Amino acid sequence: MYLTETVNTGFFFLAPWLVFAPVIGLLFNLIFGKRLSETMIGTVASLASGASFIVSVLLAWSVAANHGEVLRWQLAEWIHVGTLNLDWTFRVDSLSTTMMLVVSGVGTLIHIYAIGYMHEDVRFKGDLGRFRRFFVFLNLFIAAMMILVSGDSYLMLFVGWEGVGLCSFLLIGFWYEMDTLARPSSANSDAAKKAFVVNRIGDFGFMIAGFIMFWVFGSFQFDAVFGKVHEVEHGVITAITLFMLIGVAGKSAQIPLYVWLPDAMAGPTPVSALIHAATMVTAGVYLIARSAPLYSAVHDAQYIVAMTGAVTALFAATIAVGQYDIKRVLAYSTISQLGFMVAAVGMGAYVAGMFHLVTHAFFKALLFLSAGSVILGLERGHHHAAHAHHEEKSKKSGKRKEVRHASHDSHTSTVHEEAHDEHGEAFDPGDMRNMGGLRKTMPITFWLYMIGTLALAGIFPFAGFWSKDEILLDAAKVYPLVYWLLTIAAFFTAFYMGRQIWMVFFGEARHEASAHAEESPRVMTVPLMILAVLSVLGGALNLPSVHRLTHWLEHTIELVEHEVHVAPWLEISWGGLNPYVAVISTILALLAIWLSWLIYGRNPLNAGQIDPLKRSLGLIFTGMENKWAVDEIYHAIIVTPFVKISQFLADVIDWRFWHDWFHEKVIAGTYNWLSNIALDKYFDQRGIDAIANGLATVTQGLSAIMRKVQNGFVRSYALSVLLGVVLIVGYLILK
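Some points on unusual backbone geometry
Excluding glycine, residues mostly have negative phi values, and the peptide bonds linking residues are mostly trans. Cis rather than trans, the peptide bond between I255 and P256 has omega equal to 5 degrees. Topologically, P256 is positioned in the loop between α9 (234-251) and α10 (260-263). Cis peptide bonds are those with omega within 30 degrees of zero, and the linkage from F460 to P461 qualifies with 5 degrees. Relative to the helices and strands, P461 is located in the loop between α19 (443-457) and α20 (463-478). Unlike most non-glycine residues, W628 shows phi in positive territory, near 55 degrees. Here W628 shows up in the loop between α27 (619-625) and α28 (630-709). Phi at A629 takes a positive value of approximately 55 degrees, unusual for a residue other than glycine. For A629, the position within the fold is in the loop between α27 and α28.

Considering helix α23 (residues 522-537)
The end-to-end C-alpha distance of α23 is 22 Å, a good match for the 22 Å that 16 residues give at a rise of 1.5 Å each. For α23, every residue scored as buried is listed here: M524, T525, P527, L528, L531, A532 and S535. The buried residues of α23 occupy an angular sector of 160 degrees when projected down its axis, which confines them to one face. Across α23 from its buried face, at more than 90 degrees, point the exposed residues R522 and L537.

Concerning α20
Spanning 16 residues, α20 covers 24 Å between terminal C-alpha atoms, matching the ideal 22 Å at 1.5 Å per step. Across the 16 residues of α20, 14 count as buried, placing the element largely inside the fold.

Thoughts on a nonpolar patch on the surface
Taken together, the side chains of I645, F648, L649, I653, F657, W658 and W661 define a hydrophobic patch exposed on the protein surface, amounting to about 700 Å² of accessible area. Residue position: W658 is located in helix α28.

As for the environment of F492
Structurally, the position occupied by F492 is in helix α21 (residues 480-505). Taking the C-alpha atoms as reference points, F492 and L314, 178 residues apart in sequence, are found 7.9 Å from one another. With near-sequence residues (within four places) excluded, F492 lies in contact with L314, A317, T318 and V321.

Examining the packing of aromatic side chains
In this structure the tally under the stated criterion is 35 aromatic pairs. Here the aromatic rings of F134 and F135 are separated by 5.6 Å at their centres, their planes lie at 85 degrees, and the arrangement is edge-to-face. Overall, the relative accessible area of 0% leaves F134 in the buried class. Relative accessible area serves as the criterion here: at 0%, F135 is assigned to the buried category. Between F657 and W661 the ring centres are 5.5 Å apart and the planes differ by 20 degrees, which places this aromatic pair in the stacked class.

Parameters and conventions
- Residues numbered from 1 in each chain as written.
- Predicted model: local features only at pLDDT ≥ 70, side-chain atom pairs only at ≥ 80, totals over all residues.
- Heavy atoms only, no water.
- Helix = DSSP H or I, 4+ residues; strand = E, 2+ residues; numbered from the N terminus.
- Expected span 1.5 Å × (residues − 1).
- Buried < 20%, exposed > 50% of the residue type's maximum accessible area, 1.4 Å probe, protein only.
- Arc of directions from axis to C-beta.
- Patch = residues over 30% accessible without salt bridge, like charges linked within 9 Å, V, L, I, M, F, W, Y side chains within 5 Å.
- Areas by Shrake-Rupley, 256 points an atom, 1.4 Å probe, with all protein chains shown as cover.
- Salt bridge = Lys/Arg side-chain N within 4 Å of Asp/Glu carboxyl O.
- Contact = heavy atoms within 4.5 Å.
- Phe/Tyr/Trp six-rings, centres within 6.5 Å; stacked < 30°, edge-to-face > 60°.

If you want it as structure tokens, here you go:
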């Protein structure tokens, strides 16, 4: 009976297990991990994340069974102060369950992939003990993200918001004492600190929005806030939404706070996939979608958000064209695609933004994890090439040297030597200039990477085509400028992904490591295959005429219809798909891929050859290659002055003024003067000592007088008695 009732009403009581499952997983590995094998550690962490996915599926089913009704599950009382009553309550609706499924589903695949990746990475870096720590952090990341997407209030959301910020810091700086090439360096820890500081700047904006929100609405609970939106002046709502945009810019890497995300490549590749595809960077998009009633009430704020996303999308896409690191290209691609999402939710196309968030999670996770497969393949190839080179040298010299085999369990003592090529230069397995010809040596990774590339480029019928074109259509109807910015960004996207394909997989190997590269194990390629299937079929979530995701999210987000006059060609629709927008974007994408073939595919790069685009574009390509010097500009106008001000405050104000002058001279000097001069010399010596000495002198004088009376002669004492009797008798006679 109870089971039947549960099936009919739903499993919303399982909501806390979204967080409990990964927390139990990380605690198990933390306590017992030292006694477990790497496979067991990875399995426990993956099962914990997988349990969250199963709970997410059951919760999504529960929402559907209750016809989209919002379900809540209170775990405990939390903050009850004055009129503020907030409980730790999980919110289960169509929007939150969509995020739960993406985070836990893609996150679980990344966990499984990481078992194979980290098995090799900890050996390349020479620290096997960190395998367990990595999966503890990974489970913590999933738990924090689940708090973020399941909270029933902005304050609970903010707890998860800060949690993913902490986890990103821990995972980006995972190899904090070395760089990605296993050389002693602070580069990774610097990247982690950069991400942490930039996100705190964005979080400050979010906090200001929260303070205003509580001042106006008296609550942080979503329904309590949204129910009073129309009772508050538009200026106040505008302030809340724009301050919230600062938080979104930090977390979802939008201009001007995007600079941390490319440096997040310092973390192991599974971290890059988790941050860029399924968790942290999507939090800002989710925040705007969740705050739809606030943004829909102020069109000025919507336009600002949409333009921020569109400009970011185009700006980041241009930078990706000039990068050589395989993961850095994908990092700027993520910033660009996040711009698409932010532009969509900014202009009120919340479903389109969420649709692209979901499909992007599929193909961007696929691309990042495939890039990790490429990097490990080159590391294995370089490892074997190095051993072959050593054996050849030994044969030539006539001395047989003991060469260790390429077993991953036995080469930790030589990884630092093998990180350099025969010329003594550091070998970078992530540099696309060291690649080429990998479609022959890593065919599985090649085809999977191709699927991700076509999905990202928006080629029919892959998932990215449907979600990207839905955003472009909404932009063309509402904000034409946003449409053209995004269209140009889409062109650049197809171009830099085509450039990457030609440089990485085609032509001849430009390095020995590329020629000897090996395919990754199945524990890594199977999750990639699942993501590839999702990247192909993911568009079915919201196909024209079906709009399954639209109907699903309608239960939570009230769709906004803009009253605008559009061109007649935009009103043509095939079940919600405009043929003109679709054809224009597809032609531009194919044109961009063709141009990339003309430049990089028809005449593949040779080893040491300068990028042909650099010769033709000159300073423009140099600007792209150097990321338009944004980091340098920030360093010049923000970091350097801040450091100098800090040094001035520390050296001049704190040390010289406060310590040397105020503390040593004013405080210590005044104290010394009071104690040595005023209190010691005058008050103590001339005051207290003089009184004590005076009493001593008086006592001494009296003693001298009294000593004469007590002289020891009987006659003197008899005379004294006689005089005393005479005085007494005389007194009595006279009285």
